[in-house]
Amino acid sequence: MSIPHPVTRRLVLRCLASPPVSASPRAAVAAAAAAAAAAAAPSTCRSFHNTVPLSVRRRPRFKSVRAEEMGLTSPEKIDEWSKKNFPEYSPEEKEILQERYTPEQIAALEAGEASINPHDLTIQGRLRIDQYRMPYIEDFSTIQPIIDKRPKTKPPPDPNAKFMTEEEFTEDLMEWARKFFPEHGKDAKTLRDFVWDEYKDKPEEEWPEQARKKADKAYHAYLENSGNEIKLDLETLGPSDVDVLDYITNRSVLKGKTASSGNSALAPALMNAVPGVAGLYKTVVDPADEGLDDEGQYKDIKRITNMSVREIMTIKTKLVVRRWVSNQTRLGKIGRTQLFYIAGNGDGWLGIGSAKSTEPSVAHLKAKMLAIKNMRPIPRYENRTTFGNVEAKVSGTIVKLSARPPGFGLRVPERIFEMCRMAGIKDLACKIPRSRNPMNTIMAAYQALVNQPDPEEIAIGRGKKLVDVRKVYYGGAVH
Amino acid sequence: MGIHSIANACSHLQNASRARLGLTSIPNTKYNLRLMLALHRAGFISSVTRGGPSPPADLFAEPEPVTAQNVATRRLWVGLKYWDNEPVMRNITPVSRPSRLVTSDLKELSRVARGFEAGYVKGLNLGETLFLSTDRGVLEVREALERKVGGLVLCRVS
């Protein structure tokens, strides 16, 4: 029995478990007791979803065999593999190495080899053999800016650096100032020079009061006099404004010269000629252009069409639709010129291109180039008209083009007339029964001209032989 | 002999063709069979087979005899043609409707075949053709012109 829903199944099982109604009352009592016991027994396991619970864990039908059970990862196998893949240098290889490296280098190589256990290489190592691996295993001799971290050439900053105290700052300032007066201060006198001779060798604390006072007085008098000398010097030798600025901006206010490391977290500046960009924004005059395209306007179209500038310039282009479109923004209207150009060689090729730009000259150029780029072959019957009547619809515009006999001329609206002239169609009639929107008209006409039925294809599809009777009667001289 | 089955067959064939089906079926009537044979002659369809409600396994096998019991379930199985990723029979539109039968005489047909309008029938364009029910059977317009007969215009195919 298969009952998918657990609730339903429980219900059905219970119904099946209860015995049929028996005649004897004793049996009925027993049955009722059994039913009560069944009802009182707690339901086994309540599932919160309605999928069928499985009695046992599902096992795959095809058992996989572990590598261990196959004996692939036994220690002997691992050793065998590592000996095979990471062997020690053979004596011949060592000879070759000796030719190439100095004994010191070989010693270093051997030490390096010895430091790596081949067992670890087997278990943990990965030698990449995929096609996206780096072109080297590891080569630390050169720095590759994309892969490697930038080296820090300067020592790290001193972690114990502190701001200078007032005294230290004064000393630092004095030291800086002394640079500008290297001669000054060498023979400068100190307080010790003015004290009596018998105290000159003794420390300052042991001087008597009288001696100290006299020395102080004499020293102050000396300082006042020498101050005048310094003033004179300042005008000639003193630090320039540049030096002062350098002091303010660059002099460290931290104690110790290693306070700032000089390692920068900023990316290095760009090179003068950035690879991949160099020369892109400079137009290089192509000598094959014969001086016709010095501004590089035809560069892209040349690449796309694979034609020379002279050939491109022979393609006729004509402006067929010009309109003004504007985008209303909160800053006002942003007007743009939209132009439709057609391009053709007058011999069965026609293209249309439309471009918009705030700058009309740009729109002209873009639309012209697009028209040239979009040129497609137009099938023509006898190189003068279309194959039968063709029709195309763009939006609300339907353009119906009808083939006409030789000498009929182009009795079509102005824009389609220009298109026909560019494509080399000479006999055509046209009806535009619905909307005559200029843009849609030229687009529909283009679609109609490009998607003409091909009589050869129709004949092949139907398995018929096709003959153009105009070319049969009168020896084909029907014009 | 009404032509409603012809109109239905036209719509069905056009739908099947645009849905790129290889084999489709229409009710087995004499009129349908004649039109299908005419289409086959003109190269629009690849095969016409009489069969039952399910597609015949072998298109060239002898069909099951039609009896009073199975006559209602008989179908015509039509093989559709494609060339260059396009259906060979892209448009098939009935001209005559049960409410308006359109007939063309020889003079009108010759005009239509040359691409000019005649009566209710528009001129034929490149690759278009017309099928008529004449007293010589269902014929393509050029066959009818050869035999110099006019008739009931059934459908226009291109």
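Residues numbered from 1 in each chain as written. Chains lettered and ligands numbered in written order. Predicted model: local features only at pLDDT ≥ 70, side-chain atom pairs only at ≥ 80, totals over all residues. Heavy atoms only, no water.

> What am I meant to see in the overall build of chain A here?
In terms of regular secondary structure, chain A is built from 15 helices and eight strands. When the 479 residues of chain A are sorted by exposure, 22% land in the buried category. A fraction of 57% describes how many contacts in chain A between residues 6 or more apart in sequence connect residues 24 or more apart. (Helix = DSSP H or I, 4+ residues; strand = E, 2+ residues; numbered from the N terminus. Buried < 20%, exposed > 50% of the residue type's maximum accessible area, 1.4 Å probe, protein only. Contact = heavy atoms within 4.5 Å.)

> How do you make sense of the overall build of chain B when you look at a structure like this?
Scanning chain B from terminus to terminus reveals four helices and ten strands. Shown N-terminal to C-terminal, the secondary structure of chain B runs as helices and strands in the order α-β-α-β-β-β-β-β-β-α-β-β-α-β. The burial tally for chain B puts 44% of its 158 residues in the buried class. In chain B, once contacts between residues fewer than 6 apart in sequence are set aside, the share between residues at least 24 apart is 66%. Counting every atom, chain B has about 8,400 Å² of accessible surface; 52% of that belongs to carbon and sulfur. (Areas by Shrake-Rupley, 256 points an atom, 1.4 Å probe, with all protein chains shown as cover.)

> Looking at this model, I keep getting lost on the interface of chain B and chain A. Mind explaining?
For an interface, size is often stated in terms of accessible area lost upon the parts coming together. Tallying the contact residues gives twelve residues for chain B and twelve residues for chain A. Of the roughly 930 Å² buried between chain B and chain A on both sides combined, carbon and sulfur atoms contribute 54%. Applying the counting criterion to the chain B and chain A interface returns zero salt bridges. The interface formed by chain B and chain A holds five residue pairs in polar contact (both at pLDDT 80 or more) in total. Across the side of chain B that touches chain A, the residue classes tally to five nonpolar, four polar and three charged. (Buried area = accessible area lost by both parts, 1.4 Å probe. Salt bridge = Lys/Arg side-chain N within 4 Å of Asp/Glu carboxyl O. Polar contact = N/O pair within 3.5 Å; in protein donor to acceptor, adjacent residues only side chain to side chain. Nonpolar A, V, L, I, M, F, W, Y, C, P; charged D, E, K, R; others polar.)

> Can you help me understand the pattern of salt bridges in this one?
Close approach of charged atoms lets side chains of opposite charge pair. All names here are of chain A. With the rule as written, the count across this model stands at 17 salt bridges over all chains. Linking Lys-302 and Asp-286 is a salt bridge whose minimum nitrogen-to-oxygen distance equals 3.3 Å. Here Lys-302 is found in helix H10 (residues 299–305), whereas its partner Asp-286 is found in the loop between helix H9 (241–250) and H10, with 16 residues between them in sequence. With a relative accessible area of 29%, Asp-286 lands in the partly exposed category.

> In this structure, what is going on with the pairing of strand E8 (residues 129–134) of chain B? I would like to understand it.
A regular strand places its side chains on the two faces of the sheet in alternate fashion. All names here are of chain B. The buried fraction of E8 is high, at six of six residues. Residues Thr-129, Phe-131 and Ser-133 point to one face of E8 and Leu-130, Leu-132 and Thr-134 to the other, with burial holding for every one of them. Bridge count for E8 against strand E9 (residues 137–140) is four bridges, and the pairing is antiparallel. Bridged to Ser-133 within E9 is Val-138. Where E8 folds back onto E9 in an antiparallel hairpin, the turn is made up of two residues. (Pairing = 2+ DSSP bridges.)

> What is the right way to look at the packing of helix H13 (residues 414–423) of chain A against helix H14 (residues 438–450) of chain A in this model?
For any two helices packed against each other, one specifies the inter-axial angle together with the distance between the axes. Residues and elements named next belong to chain A. Between H13 and H14, whose axes approach to 9 Å, the crossing angle comes to 35 degrees. With respect to the hand of their crossing, H13 and H14 are arranged in right-handed fashion. When H13 is examined against H14, the residues Arg-415, Ile-416 and Met-419 are found in contact with a partner set consisting of Pro-438, Thr-441, Ile-442, Ala-445 and Tyr-446. A per-class count over the contact of H13 with H14 returns six nonpolar, one polar and one charged. (Axes fitted to C-alpha atoms, helices over the stretch in contact; angles between N-to-C directions. Left-handed = near helix turned anticlockwise from the far one by under 90°.)

> Please explain the sheet that holds strand E6 (residues 397–403) of chain A as it appears in this structure.
Two pairing modes exist for strands in a sheet, parallel and antiparallel, and in both the strands are linked by backbone hydrogen bonds. Residue and element names in this part refer to chain A. With mixed pairing, four strands are arranged side by side in an open sheet as E5-E6-E8-E7. Pairing within the sheet leaves two strands with one partner each, and these edge strands are strand E5 (390–394) and strand E7 (410–411). Relative to strand E8 (residues 428–431), E7 runs parallel, the two being bridged by two bridges. The residue bridging Leu-410 from the neighbouring strand is Leu-428, located in E8. Here H14 sits on the sheet in contact with E5 and E6, set at roughly 140 degrees to E5.

> Please explain the sheet that holds strand E3 (residues 349–357) of chain A as it appears in this structure.
Residues and elements named next belong to chain A. On the basis of which strands lie adjacent, the open sheet formed by four strands has the order E1-E2-E3-E4 and antiparallel pairing. With one partner strand each, in any of the chains shown, strand E1 (316–329) and strand E4 (376–377) form the two edges of the open sheet. Two elements, strand E2 (residues 332–344) and E3, share eight bridges in a ladder whose sense is antiparallel. Considered in E3, the bridge of Ile-342 is made with Ile-352. Each of E1, E2, E3 and E4 is contacted by helix H12 (residues 360–373), which is oriented at about 155 degrees to E3, the strand it contacts most. Against the sheet, H13 engages E1, E2 and E3, with an angle of about 135 degrees to E1.

> Please clarify how the state of the cysteines should be interpreted in this entry.
Defined simply, a disulfide is a covalent bond joining two cysteines at their sulfur atoms. Evaluation of the coordinates by the stated rule reveals zero disulfides over all chains. A:Cys420 forms no disulfide, and the closest cysteine sulfur to it belongs to A:Cys430, at a distance of 8.1 Å. (Disulfide = S-S within 2.5 Å.)

> I keep staring at the packing of aromatic side chains and nothing clicks. Help me out?
Aromatic ring pairs are described here by two measures, namely the spacing of the ring centres and the angle between the planes. Using the criterion set out here, one finds five aromatic pairs over all chains in the structure. With centroids separated by 6.1 Å and ring planes inclined at 70 degrees, the aromatic side chains of A:Trp81 and A:Phe86 adopt a geometry described as edge-to-face. Ring geometry for B:Phe44 versus B:Phe131: centroids 6.3 Å apart, planes at 70 degrees, classification edge-to-face. Taken together, the positions of B:Phe44 in the loop between helix H2 (30–41) and strand E2 (45–51) and B:Phe131 in strand E8 put the pair 87 residues apart, joining distant regions of the chain. One aromatic cluster is present, built from ring pairs that chain together A:Trp176, A:Phe180 and A:Tyr247. It is A:Arg404 that lies over the ring of A:Phe408; its NZ or CZ is 5.5 Å from the centre. (Phe/Tyr/Trp six-rings, centres within 6.5 Å; stacked < 30°, edge-to-face > 60°. Lys NZ or Arg CZ within 6 Å of the ring centre and 35° of its normal.)

> Would you mind showing me how to read the nonpolar core here?
As a rule of thumb, nonpolar side chains are buried together in soluble globular proteins. In terms of nonpolar packing, the biggest core is built from 30 residues, with A:Leu350, A:Val399, A:Leu401, A:Ile416 and A:Met419 touching the most fellow members. Elements represented by at least two residues in this core include exactly E1, E2, E3, E5, E6, H13, E8 and H14 of chain A. Per element, the largest residue contribution to this core is seven residues, and it comes from H14(A). Both domain 3 (298–376) and domain 4 (381–471) of chain A contribute no fewer than three residues apiece to this core. The contacts of A:Met419, once residues within four sequence positions are left out, are A:Ile342, A:Leu350, A:Ile352, A:Ile442, A:Ala445 and A:Tyr446. B:Leu13, B:Ala38, B:Ile92 and B:Leu154 belong to the second-largest nonpolar core, a separate cluster that totals 27 residues. (Core = buried A, V, L, I, M, F, W, Y, C linked by side-chain atoms within 4.5 Å. Domains from an automatic or database assignment.)

> I would appreciate a short explanation of a positive patch on the surface in the present structure.
A contiguous patch of positive charge, built from A:Arg57, A:Arg59, A:Lys63 and A:Arg66, is present on the exposed surface. On the secondary structure map, A:Arg66 appears in the loop between helix H2 (25–40) and helix H3 (75–85). (Patch = residues over 30% accessible without salt bridge, like charges linked within 9 Å, V, L, I, M, F, W, Y side chains within 5 Å. Lys, Arg positive; Asp, Glu negative; His and termini not counted. Charge placed at Lys NZ, Arg CZ, Asp CG, Glu CD.)

> Can you help me understand unusual backbone geometry in this one?
Note: most residues except glycine have negative phi, and most peptide bonds are trans. Positioned with a positive phi, A:Ser395 is a non-glycine residue whose angle comes to about 55 degrees. For A:Ser395, the location among the structural elements is in the loop between E5 and E6. In the Ramachandran plot, B:Lys148 falls in the positive-phi region, its phi being about 60 degrees despite a non-glycine side chain. Positionally, B:Lys148 belongs in the loop between helix H4 (141–147) and strand E10 (151–157).

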